[in-house]
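# Observations on chain architecture
Residue-level listing of the chains:
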Amino acid sequence: MTSNKAKLMDGTALAARLLADAKTKVDNIHQSTGVTPTLATVLVGDDPASATYVRMKRKRCEDAGMKSLLLELPQGTGTEELVGEIEKLAADESVHGILVQHPVPAPIDKRTAFEAIPVEKDVDGVTSGTLGRVILGMPGFAACTPKGIMRLLDEYNVELDGSHAVVIGRSPILGRPMASMLINRHATVTLCHSRTRSLPSLVRHADVVIAAVGKPRFVKGGWIKVGATVIDAGYNPGNIGDVDFEGAIEPCSLITPVPGGVGPMTIATLIGQTADAAVQQ
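Along each chain, numbering runs from 1 in the same order as the chain's sequence is written. Where local features are concerned, this predicted model is filtered to residues with pLDDT of at least 70; where side-chain atom pairs are given and counted, the filter is 80 or more; whole-chain, interface and lining totals use all residues. To obtain the side-chain values, all non-hydrogen atoms of the structure were included, while hydrogens and water were left out.

### Quick notes on the side chain of Thr36
Short version of the rule: The secondary structure listing takes helices from DSSP runs of H or I that are at least 4 residues long and strands from runs of E that are at least 2 residues long, numbered from the N terminus. N or O atoms within 3.5 Å of each other form a polar contact, as long as, within protein, one can give a hydrogen and the other can take it, and as long as residues adjacent in sequence are counted only when both atoms are side-chain atoms.
With respect to the helices and strands, Thr36 occurs in the loop between helix 1 (11–33) and strand 2 (38–44). A polar contact of 3.1 Å, which involves the side chain of Thr36, links it to the side chain of His30.

So this is what it looks like as structure tokens:
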């Protein structure tokens, strides 16, 4: 590694360790109680990317020794029908975690659907009750991507106490819980979004940059402060992130690749939280 190049944050390696830990936990649960932790995934519609993500999650479940149930609903499913199916899973004691694959196709009211998931089975961290617990720093199943990012930051000993973090994107399952987790670790956080003015100048003052905007190469290398840590939580067609990787790798000290950075951590966190849910239930 040359002196002016950033060090890559290897999410794949850390995720493999977390999945191995989850498998040990799953094995122990099964040996002591006879119960196999089970994740139910609800997939609505026929979006190819969503179907791919679901396959990846199911594979990781099976690798960890967990059961994976898949409920597929056709395009055109309404909010009431989806909520009814989620409520059946909520009442099923053999199901420990429920994941509704997003994005959910229109005209479904996704917030209504998410809120049908009981907090104790909300292993994907999408309900308002879960977000409230994250904001207050209470125990609970946090949204998987921001929680995975926090694990990655800790793995690479990124100092958060007193740092300035810029989070780009304010979604309720990524940007907002991410900002709350960083605040709870004593970082000063600027949460940016589509209406933010002078975004490049805000990013230039950041010790930690977390990009989650869904636009390829949106964050330019010239925006990055020398020595900053850059987390690219975006994934666009062609294995392209939300950060201009080639431009950002020069000034920053740490950066996540796409793929192989945040993505594996998200899935590993989901599997770990499902195992924890089985223990609690």
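### Notes on helix 3 (residues 79–91)
Convention followed: Here a helix's expected span is defined as the number of its residues, less one, multiplied by 1.5 Å. Here a residue-residue contact requires only that any non-hydrogen atoms of the pair lie within 4.5 Å.
With 13 residues, helix 3 ought to run about 18 Å at 1.5 Å a step, and its terminal C-alpha atoms sit 18 Å apart, in line with that. Contacts made by the buried residues of helix 3 are with strand 2, strand 3 (67–73), strand 4 (97–100) and helix 4 (110–115).

### Brief notes about the sheet that holds strand 7 (residues 208–211)
What counts, and what does not: Note on pairing: DSSP must find at least two bridges between two strands before they are called paired.
Pairing is parallel in the open sheet, where six strands are placed in the order 1-9-8-7-5-6. Each having just a single partner strand, strand 1 (7–8) and strand 6 (188–192) make up the two edges of the open sheet. Bridge analysis of strand 5 (residues 164–168) against strand 7 gives four bridges, and the strand direction is parallel. Bridging from a neighbouring strand, Ile168 pairs with Ala211 of strand 7.

### Focus on the sheet that holds strand 3
Backbone-to-backbone hydrogen bonds pair the strands of a sheet. The strands run either parallel or antiparallel. What counts, and what does not: What counts as an axis is a line fitted to C-alpha atoms, over the stretch in contact for a helix, and the angles between N-to-C directions run from 0 to 180 degrees.
Within the open sheet, the three strands sit side by side as 3-2-4. Their pairing is parallel. Edge positions in the open sheet fall to strand 3 and strand 4, since each of these has one partner strand only. Across this sheet, the average inter-strand angle for adjacent strands is 20 degrees, counted without regard to direction. The sheet contact formed by strand 2 and strand 3 spans seven bridges and is parallel. Directly across from Val42, in strand 3, lies its bridge partner Leu71.

### Here's the deal with a nonpolar patch on the surface
Formally: By definition, no residue in a patch forms a salt bridge, and every one has over 30% relative accessible area; like charges are joined within 9 Å, nonpolar side chains (Val, Leu, Ile, Met, Phe, Trp, Tyr) within 5 Å. Per-residue and other accessible areas were derived by the Shrake-Rupley procedure at a 1.4 Å probe size, with only the shown protein chains allowed to occlude residues. We count a salt bridge whenever a side-chain nitrogen from Lys or Arg sits within 4 Å of a carboxyl oxygen from Asp or Glu. Think of it in three bands: with a 1.4 Å probe and only protein chains considered, a residue is buried below 20% of the maximum accessible area for its type, exposed above 50%, and partly exposed in between.
On the surface, Tyr53, Met56 and Tyr235 cluster together into a nonpolar patch covering about 280 Å² of accessible area. Looking at Tyr235, the relative accessible area reads 42%, which means it is partly exposed.

### Examining the side chain of Asp124
Inclusion rule: Under this rule, positive means Lys or Arg and negative means Asp or Glu; His and the chain ends count for nothing.
Here Asp124 lies in the loop between helix 4 and helix 5 (128–135). For the buried Asp124, no salt bridge is present, and the opposite-charge side chain at shortest range is Lys57, 5.6 Å distant. There is a polar contact of 3.2 Å between the side chain of Asp124 and the side chain of His102. When near neighbours in sequence (up to four residues on either side) are disregarded, Asp124 contacts Leu99, His102, Ala142, Ala143, Cys144 and Leu270.

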